[in-house]
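Tertiary structure, described
One letter stands for each residue in the lines below.
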Amino acid sequence: MSYCTYCAPLPVEDLNKIYHDTAYGFPISDDNELFGRLILEINQAGLSWALMLKKEKDFRLAFDNFSIAKIALYDDVKISELLDNSGIIRNRLKINSVIFNAQKIVSLQKEFGSFAEWLNFHHPLTKEEWMKLFKKNFKFTGGEIVNEFLMSTGYLKGAHDENCTIFDTIIDHNPKWKI
């Protein structure tokens, strides 16, 4: 089996390899799951993706299964609870940006029907155009965060080398990459 260069030497049970084979670059249509990926990307900034994969269950639990509607209503009590939660990244700036971004997505859902439809409405854009759009609408979404979020959810190519067997699977399941 041919793999992306970074993933080839990893053992089968490695979290990065499992993520590579089952999630990275695969489209996500559920708004809460899309937002969950954005939450993880925001919190990964300055840290390793392996750490985020290890903490994903803790993040899911702490952030109400990534429910956009619930997160948009978080108050100071919930923020304090999150800052005390050793299972997640306890960074006030990141937590506040997640709440702000949830509130923004609620307004986008009202206008476009869903976060996924907002993304689809703007697709295809270049990486630079996506970065400008995210910077205009969201907080804590720098270039690398936006790039990885969009690659990991199938809106930008680049998640897999063309000789990677997963690449063909992604192409078959993701019409966005055929553009």
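Residues numbered from 1 in each chain as written. Predicted model: local features only at pLDDT ≥ 70, side-chain atom pairs only at ≥ 80, totals over all residues. Heavy atoms only, no water.

Another aspect to go through is the environment of Glu56. Looking at the element boundaries, Glu56 is found in helix H3 (residues 49–62). Using a relative accessible area of 26% as the deciding quantity, one classes Glu56 as partly exposed. Between the C-alpha atom of Glu56 and that of Phe134, which follows or precedes it by 78 residues, the distance is 23 Å. Leave out the neighbours within four places in its chain, and Glu56 touches Leu40 and Phe66. (Helix = DSSP H or I, 4+ residues; strand = E, 2+ residues; numbered from the N terminus. Buried < 20%, exposed > 50% of the residue type's maximum accessible area, 1.4 Å probe, protein only. Contact = heavy atoms within 4.5 Å.)

Now for the packing of aromatic side chains. Under the counting rule described, the total for this entry stands at 14 aromatic pairs. Here the aromatic rings of Phe112 and Phe121 are separated by 5.2 Å at their centres, their planes lie at 55°, and the arrangement is tilted. On the basis of an interplanar angle of 65° and a centroid distance of 5.8 Å, the ring pair of Trp118 and Phe134 is categorised as edge-to-face. Here Phe134 lies in helix H8 (residues 127–137) and Trp118 lies in helix H7 (residues 115–122), a separation of 16 residues in the sequence. Neither Trp118 nor Phe134 differs from the other in exposure class; each is buried. An aromatic cluster is defined as three or more aromatic residues linked by ring pairs; in this entry it consists of Phe115, Trp118, Trp130, Phe134, Phe138, Phe149 and Tyr155. Directly above the ring of Phe100 sits Lys139, whose terminal nitrogen or CZ lies 4.4 Å from the centroid. (Phe/Tyr/Trp six-rings, centres within 6.5 Å; stacked < 30°, edge-to-face > 60°. Lys NZ or Arg CZ within 6 Å of the ring centre and 35° of its normal.)

Next up on the list: the packing of helix H2 (residues 31–44) against H7. Two elements in contact, H2 and H7, have axes whose closest approach is 8 Å; the angle formed by their N-to-C orientations is 75°. The orientation of H2 with respect to H7, classified from their angle, is roughly perpendicular. Residue-level contacts link Asp31, Leu34 and Phe35 of H2 to Phe115, Ala116 and Leu119 of H7. Here the residues of the contact of H2 with H7 sort into 5 nonpolar, no polar and 1 charged. (Axes fitted to C-alpha atoms, helices over the stretch in contact; angles between N-to-C directions. Parallel < 35°, antiparallel > 145°, perpendicular 65-115°, else oblique. Nonpolar A, V, L, I, M, F, W, Y, C, P; charged D, E, K, R; others polar.)

Within the secondary structure layout, Glu41 lies in helix H2. Buried and unpaired, Glu41 has no salt bridge, with Arg37 as the nearest side chain of opposite charge at 5.8 Å. (Lys, Arg positive; Asp, Glu negative; His and termini not counted. Salt bridge = Lys/Arg side-chain N within 4 Å of Asp/Glu carboxyl O.)

Before going further, it helps to examine the environment of Asn137. One can find Asn137 in helix H8. With relative accessibility at 11%, the residue Asn137 sits in the buried group. Once the C-alpha coordinates of Asn137 and Ile105 are considered, the two residues, 32 residues apart in sequence, prove to be 9.1 Å apart. The residues touching Asn137, leaving out its near neighbours within four places in the chain, are Phe100, Lys104 and Trp118.

This brings us to the pattern of salt bridges. Once their charged atoms are close, side chains differing in charge can pair, the charge on each being opposite to the other. Tallied over the entire structure, the rule returns 3 salt bridges. Measuring nitrogen to oxygen at the nearest pair gives 3.5 Å for the salt bridge that ties Glu56 to Arg60. Here the residue Glu56 and the residue Arg60 both occupy positions in helix H3, the gap between them amounting to 4 residues, near one helical turn. Its relative accessible area of 23% is what places Arg60 among the partly exposed residues.

Next up on the list: the nonpolar core. Core analysis: the biggest nonpolar cluster contains 48 residues, and Phe63 and Leu119 have the highest contact counts within it. Put simply, the parts of the chain that give this core at least two residues each are H2, H3, helix H4 (68–71), helix H5 (76–83), helix H6 (92–112), H7, H8 and helix H9 (143–152). Not counting the four nearest positions on each side in its chain, Leu119 is found in contact with Leu34, Trp130, Phe134, Phe149, Leu150 and Tyr155. (Core = buried A, V, L, I, M, F, W, Y, C linked by side-chain atoms within 4.5 Å.)

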